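# Structure at a glance
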Amino acid sequence: MASDAKFRKQVAGRPLRSPAKRLTDEELLARLHSFGIDLDRSSFGRLCHESLSAEEIARPLIAKCAFETRQEQLEGDWIWVCLDALWQRWFPDKPSFEMLDDKMQAGYELEASGNVEAACRIWLDGWNTVLHLFDKAGFQSIGEFDDRFLGTQSLFNWIQNLEIELWNAGLKDRQFLTARITVCEEGLRRFEADDEFMTENWRRALAESYFELGEAGKADGLYHAWLLTDPQWGWGWIGWSDCYRFTRTELRNLHKAEDLLQEGLSIAGVRDFQDLAERLADLYEATGRVDEGREMRRQAEMSSPAIQHTLEVLPNVLRRKSIATFGDDGLPLSELPKLANLQSTSSAQVTGKRPKIGRNEPCPCGSGQKFKKCCARGLPTT
């Protein structure tokens, strides 16, 4: 409201949660009574036990009032506002969606001010709230949670922000790396089938945290098991190599990092071949092997044609066309299997939905700004 005049105009005349927090119990109950709603602590406690949010309790009560004018509808928001204030005051041990949303937003404010450690402490409390609500409602997926949550953030994006900021906080205080391990292990246990991209990021974050805490054997064991099951996971090879290249511990081993990247590149049909090759080129150049780095980048460009997809609508048919564009040198016949793999991988990724990107992640357009301040502007929130 403070920064957006258009939003201030939209909410003008609506009751806000902040003033309600200053009202006494009697004043809140009197407000509810003015709408024909009489509650005591016991009856309200039963409703809170059965519901996930004060809004869910308020919705049918507001519907019964049958408000006719817009002003009456605005005033009807007091029902939700009062119920939320009473829930948080009387039953703070019974988490609600509103409580979770408050913790998420408080963390973002602290993170924006540079106090990452304090943000992570609040967000770890929010993570426990998420798990409580999952168990209470019997949710089976993050998507199912978000369909009911409808908060300021989506759980899908916030969980990824939490994992990233736990790493940043862990660079100063190692207890946050231990917390990151706990979050990733619980996330993989509960949500491994939810989203492949997020699962792969959690795996890398888990192994990376173990490695940074000096448990290289644990990290090696995890990557060995994952890549034994899915040897074509290109970013798995990159993540394993990065452990040995970018660690701040005495475990840094550039020869090991190079061997892992080369092993990944030797896998037939490895995904993200170009990323693997670019990482190896970076390593060559960082160790003074400029010519080898240049050659590796050339191979990466040859093996990664630009693929453009179009959709053609015909009667009863939606046909997808793909055009691959190569450089002047063309494509060696030996590279055709990689092209087929790239084509099938690219095809599988086209879902018709925009990618799920954390609000505070770098914008994928390369502007250097956070996503929320760049390409996310004007997009509907989730």
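Preceding this section is the structure that the text describes.
Residues numbered from 1 in each chain as written. Predicted model: local features only at pLDDT ≥ 70, side-chain atom pairs only at ≥ 80, totals over all residues. Heavy atoms only, no water.

## Digging into the overall build of the protein chain
Here is the rule: Helix and strand definitions follow DSSP, with helices as H or I runs of at least four residues and strands as E runs of at least two, each counted in order from the N terminus. For every residue, the accessible area obtained with a 1.4 Å probe (protein chains only) is divided by the maximum for its type, and the residue is called buried under 20%, exposed over 50%, and partly exposed between those limits. Any two residues having at least one pair of non-hydrogen atoms within 4.5 Å are treated as being in contact.
Looking only at helices and strands, one finds 18 helices and two strands in the protein chain. Residues classed as buried in the protein chain amount to 42% of the 382 residues present. At a minimum sequence separation of 6, the contacts of the protein chain that also span at least 24 residues come to 58%.

## Points about the environment of Gly 221
You can see Gly 221 is positioned in helix H13 (residues 216–229). Taking the C-alpha atoms as reference points, Gly 221 and Ala 207, separated by 14 residues in sequence, lie 9.0 Å from one another.

## Some words on the packing of helix H7 (residues 97–112) against helix H8 (residues 116–137)
Put simply, the rule reads: The axes used here are C-alpha line fits, helices contributing only the stretch in contact, and every angle between their N-to-C directions lies in the interval 0 to 180 degrees. Note on angle classes: values under 35 degrees are labelled roughly parallel, values over 145 roughly antiparallel, values of 65 to 115 roughly perpendicular, and the remainder oblique. Each helix crossing is assigned a hand: it is left-handed if the near helix lies turned anticlockwise from the far helix by less than a right angle, otherwise right-handed if that turn is clockwise.
Their axes nearest at 8 Å, the elements H7 and H8 cross at an angle of 160 degrees. Our classification of the angle between H7 and H8 gives roughly antiparallel. Crossing hand, H7 versus H8: left-handed. Contact residues: Phe 97, Leu 100, Lys 103, Met 104, Ala 106, Gly 107, Tyr 108, Leu 110 and Glu 111 in H7; Ala 118, Ala 119, Ile 122, Trp 123, Asp 125, Gly 126, Thr 129, Val 130 and Leu 133 in H8.

## What to know about the nonpolar core
Selection rule: We call a set of buried Ala, Val, Leu, Ile, Met, Phe, Trp, Tyr and Cys residues a nonpolar core when their side-chain atoms join them within 4.5 Å.
Phe 145, Leu 155 and Trp 158 are the most contacted members of the largest nonpolar core, which has 65 residues in total. Among the elements that take part in this core, H8 stands out by supplying nine residues, more than any other. Apart from residues lying up to four places away in sequence, Phe 145 is in contact with Phe 97, Leu 100, Val 130, Leu 133, Phe 134, Phe 139 and Leu 155. Leu 28, Phe 44, Cys 48 and Trp 87 belong to the second-largest nonpolar core, a separate cluster that totals 22 residues.

## Considerations on the environment of Leu 23
Tracing the sequence through the fold places Leu 23 in the loop between helix H2 (17–21) and helix H3 (25–34). Note: C-alpha distance between Leu 23 and Cys 82 (59 residues apart in sequence) is 9.1 Å. The contacts of Leu 23, once residues within four sequence positions are left out, are Leu 28, Trp 78 and Arg 89.

## A closer look at unusual backbone geometry
For Leu 150, which is not glycine, the phi dihedral falls at a positive 55 degrees. The residue Leu 150 is located in the loop between helix H9 (142–149) and helix H10 (155–170) in this model.

## Digging into the pattern of salt bridges
Using the following cut-off: In what follows, salt bridge is the name for a side-chain nitrogen of Lys or Arg lying within 4 Å of a carboxyl oxygen of Asp or Glu.
Within the structure shown, the criterion is met by 23 salt bridges. In this structure, Lys 103 and Asp 125 form a salt bridge, with 3.3 Å as the shortest nitrogen-oxygen distance. Pair noted here: Lys 103 is in helix H7 and Asp 125 is in helix H8, with a separation of 22 residues, a long-range link. On the basis of relative accessible area, Asp 125 is assigned to the partly exposed category, the value being 39%.

## Here's the deal with the packing of aromatic side chains
Rules: Two aromatic rings from Phe, Tyr or Trp, using only the six-membered ring of Trp, form a pair when their centres are within 6.5 Å; if the ring planes differ by under 30 degrees the pair is stacked, by over 60 it is edge-to-face, and anything between is tilted.
Tallying each qualifying case throughout the model produces 19 aromatic pairs. Aromatic side chains Tyr 223 and Trp 233 sit 6.3 Å apart centroid to centroid with 35 degrees between the ring planes, which places their arrangement in the tilted category. In this pair, Tyr 223 is assigned in helix H13 and Trp 233 in the loop between H13 and helix H14 (234–246), connecting sequence segments 10 residues apart. Neither Tyr 223 nor Trp 233 differs from the other in exposure class; each is buried. Ring geometry for Tyr 223 and Trp 240: centres 5.7 Å apart, planes at 15 degrees, overall stacked. Of this pair, Tyr 223 sits in helix H13 while Trp 240 sits in helix H14; the two residues are 17 residues apart in sequence, bridging distant segments of the chain.

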